[in-house]
Amino acid sequence: MDRSIKIAPSILAADFANFGAEIQAIEAQGCDWVHVDVMDGHFVPNITFGPETCKAIRPHIKTVMDVHLMIAPTDLYLKAFADAGADYISIHAEAGPHLHRSLQYIRDLGCKAGVALNPSTPASAIEYVLDLIDMVVVMTVNPGFGGQKFIHSQIEKVVQIRKMIGDRNINIEIDGGITPQTGPLMAAAGANILVAGSAVFKGGSVENPAPYGENIRAIRDASEAAR
Ligand code: DX5
Ligand code: ZN
């Protein structure tokens, strides 16, 4: 599979009143995927938006709609996010007792399935679902907020996961605190999808989108060089 570095800006750091134009701007500036953070105020201590917003922004996304569900329970809502047009749906291993069933359900709905792991969750949590997933999301911050500090202990977890997946077609996505300094650490450890919120959107805007492109290139170039 294609393991080149892909940059997935998180629209958590975009202007919430202007998602359509923000998405068009980051795609025009060269991002690979669009990362969509859904928070429920229960699984994580913050609330963003739900499937209706995902559906509304879907037509603006020409690349890949990567939906990260930080919600519990998950199963009740999976169909709504699939209907909203998600390409990838990632759920947290910690969000419920039936991860295996939920992942099967995501694939049955026609989406790619991802498992996200909180910083305290070991790599072994995915051992018995490897044949049901298209992506592992290693959280390098505690989920809930953008702009937090990268947790270095997760580098070792990515090395372990890269070994576990072997030649399976499974992406390793990193989420939280990714910058041109931390991206390379994760690329070297085996990650191929880098989510970045604040580090992509800083300094730019819909009216002045060039900094988005510079930020995306800085993370990508440093990370590719580290492989
Ligand atoms: C955190 C979210 C992340 C977040 C990343 O709960 O899942 O996607 O937006 O933001 P930065 O890159 O600012 O850490
Ligand atoms: Zn996320």
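Draft legend 1. How the structure looks around helix H4 (residues 99-108). For H4, the complete set of buried residues consists of Leu 99, Ser 102, Leu 103 and Ile 106. All buried residues of H4 fall inside an arc of 100 degrees around its axis, so they share one side. Tucked into the core, H4 has its buried residues touching helix H3 (75-83), strand E4 (88-92) and strand E5 (112-117). Looking at the residues trailing H4, positive phi occurs at Gly 110, about 90 degrees.

Draft legend 2. Region of the structure containing the site of ligand 1. The local shell around ligand 1 holds 20 residues, among which Asp 37, Gly 144, Asp 175, Gly 197 and Ser 198 are the closest. Taking Gly 197, its main chain carries an N or O atom lying 2.7 Å from an oxygen atom of ligand 1. If you list the elements that add at least two residues to the shell around ligand 1, you get strand E2 (34-39), strand E3 (65-70) and strand E8 (193-196). Ranked by the residues each element gives to the shell around ligand 1, the list is headed by E2, at three residues. The class makeup of the residues in the shell around ligand 1 is eight nonpolar, ten polar and two charged.

Draft legend 3. View of the sheet that holds strand E6 (residues 135-139). Reading across the sheet, the eight strands line up as E1-E8-E7-E6-E5-E4-E3-E2 and stay open at both edges, with parallel pairing between neighbours. Each edge of the open sheet carries a strand with a single partner, namely strand E1 (6-9) and E2. Across the sheet, the mean angle separating the axes of adjacent strands is 25 degrees when strand polarity is ignored. As judged from the five bridges shared by E6 and strand E7 (residues 171-175), these two strands associate in the parallel manner. Across the sheet, the residue bridging to Met 139 is Asp 175, located in E7. Contacting E1 and E8, helix H8 (residues 210-225) runs over the sheet at an angle of about 145 degrees to E1.

Draft legend 4. Representation of the environment of Ala 123 in the model. As for its position among the elements, Ala 123 is in the loop between E5 and E6. Taking the C-alpha atoms as reference, Ala 123 lies 27 Å from Lys 79; in sequence the two are 44 residues apart. Leaving out residues up to four positions away in the same chain, Ala 123 has contacts with Leu 117, Lys 157, Gln 160, Ile 161 and Met 164.

Draft legend 5. Spotlight on the coordination of the zinc ion (ligand 2). Surrounding the zinc ion (ligand 2) are the protein donor atoms His 35 (NE2), Asp 37 (OD), His 68 (ND1) and Asp 175 (OD), which sit 2.0 to 2.3 Å from the metal. Between the donor residues of the zinc ion (ligand 2), the gaps in sequence give the motif H-x1-D-x30-H-x106-D. Taken together, the positions of His 68 in strand E3 and Asp 175 in strand E7 put the pair 107 residues apart, joining distant regions of the chain. Of the two residues, His 68 and Asp 175, both sit in the buried class.

Draft legend 6. The arrangement of the packing of H3 against H4 in detail. Across the interface, H3 lies against H4 with an axial gap of 10 Å and an inter-helix angle of 20 degrees. On the basis of their axis angle, the class for H3 and H4 is roughly parallel. Along this stretch, H3 crosses H4, giving a crossing that reads as right-handed. Contact residues: H3 offers Asp 75, Leu 78 and Lys 79, while H4 offers Arg 101, Ser 102, Tyr 105 and Ile 106. Across the contact of H3 with H4, the residue classes tally to three nonpolar, one polar and three charged.

What counts and how
- Residues numbered from 1 in each chain as written.
- Chains lettered and ligands numbered in written order.
- Predicted model: local features only at pLDDT ≥ 70, side-chain atom pairs only at ≥ 80, totals over all residues.
- Heavy atoms only, no water.
- Buried < 20%, exposed > 50% of the residue type's maximum accessible area, 1.4 Å probe, protein only.
- Helix = DSSP H or I, 4+ residues; strand = E, 2+ residues; numbered from the N terminus.
- Arc of directions from axis to C-beta.
- Contact = heavy atoms within 4.5 Å.
- Near = heavy atom within 4 Å.
- Polar contact = N/O pair within 3.5 Å; in protein donor to acceptor, adjacent residues only side chain to side chain.
- Nonpolar A, V, L, I, M, F, W, Y, C, P; charged D, E, K, R; others polar.
- Pairing = 2+ DSSP bridges.
- Axes fitted to C-alpha atoms, helices over the stretch in contact; angles between N-to-C directions.
- Donors = N, O, S within 2.8 Å, 3.2 Å for Na, K, Ca; no water.
- Parallel < 35°, antiparallel > 145°, perpendicular 65-115°, else oblique.
- Left-handed = near helix turned anticlockwise from the far one by under 90°.

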